[in-house]
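# Notes for the structure review
What follows is each chain in one-letter form.
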Amino acid sequence: MKDKVIGLDTGTDNYLAKLFSIVELLVRLPALQRYSPQIETEIIQLINFTLDYRTRNLYNQDIENTLTNKEFTYYNIV
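The structure contained in this document is the topic of the report that follows. (Residues numbered from 1 in each chain as written. Predicted model: local features only at pLDDT ≥ 70, side-chain atom pairs only at ≥ 80, totals over all residues. Heavy atoms only, no water.)

## Looking at the side chain of Asp 52
Stated precisely, the cut-off is as follows: Secondary structure is summarised from DSSP: a helix means a run of H or I of at least four residues, a strand means a run of E of at least two, and numbering begins at the N terminus for each. Between buried and exposed lies partly exposed: a residue is buried under 20% and exposed over 50% of the maximum accessible area for its type, with that area taken using a 1.4 Å probe on protein chains only. For the purposes of these results, a polar contact is taken to be a pair of N or O atoms within 3.5 Å, where, inside protein, one atom must be able to donate a hydrogen and its partner to accept one; residues adjacent in sequence count only when each atom of the pair is a side-chain atom. Contacts are assigned to residue pairs that have any heavy atoms within 4.5 Å of one another.
With respect to the element layout, Asp 52 can be found in strand 2 (residues 49-52). Looking at Asp 52, the relative accessible area reads 8%, which means it is buried. Among the polar contacts made by the side chain of Asp 52, one reaches the main-chain amide nitrogen of Arg 54 at a distance of 2.9 Å. Among the polar contacts listed, one links the side chain of Asp 52 to the backbone nitrogen of Thr 55, at a separation of 3.4 Å. Apart from the residues lying within four places of it in its own chain, the contact partners of Asp 52 are Glu 42, Ile 43, Asn 57 and Tyr 59.

Structure representation (structure tokens):
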């Protein structure tokens with residue numbers, strides 16, 4: 001809690017605590033894009049995660065996960 005308060009107090013717009021679920025990350029990514037300047041990109045990188053829109057792969061460091069069409073649609077990623 002203390003880290004979250006310090007981060008938000010020093011200008012951080014969003015905070016994702018450790019031991020979060022992938023579902024929470026997938027829901028937050030489109031929300032972050034809505035409030036960010038529109039940048040044409042097919043790859044989003046957030047801390048140790050990389051999401052490739054072209055291949056629908058989510059990478060966590062060296063681990064690759066291919067998201068299904070349903071996952072992309074459900075989380076409003078496409």
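## Here's the deal with unusual backbone geometry
Notably, Arg 56 is not glycine yet its phi reads approximately 60°, a positive angle. With respect to the element layout, Arg 56 can be found in the loop between strand 2 and strand 3 (57-60). Look at Gln 61: it is not a glycine, yet its phi comes out positive at around 55°. Topologically, Gln 61 is positioned in the loop between strand 3 and strand 4 (63-66). Classification of Gln 61 as exposed rests on a relative accessible area of 55%.

## Considerations on the pattern of salt bridges
Basically, it comes down to this: A carboxyl oxygen of Asp or Glu within 4 Å of a side-chain nitrogen of Lys or Arg is what we treat as a salt bridge.
With the rule as written, the count across this model stands at two salt bridges. Measuring nitrogen to oxygen at the nearest pair gives 3.2 Å for the salt bridge that ties Arg 54 to Glu 42. Of the two residues, Arg 54 sits in the loop between strand 2 and strand 3 while Glu 42 sits in the loop between helix 2 (22-34) and strand 1 (43-46), which places them twelve residues apart along the sequence. By relative accessible area, Arg 54 is classed as exposed at 52%. Residue Asp 52 is joined to Arg 54 by a salt bridge in which the shortest nitrogen-to-oxygen separation is 3.1 Å. Beyond isolated ion pairs, a larger network of salt bridges with shared partners links Glu 42, Asp 52 and Arg 54.

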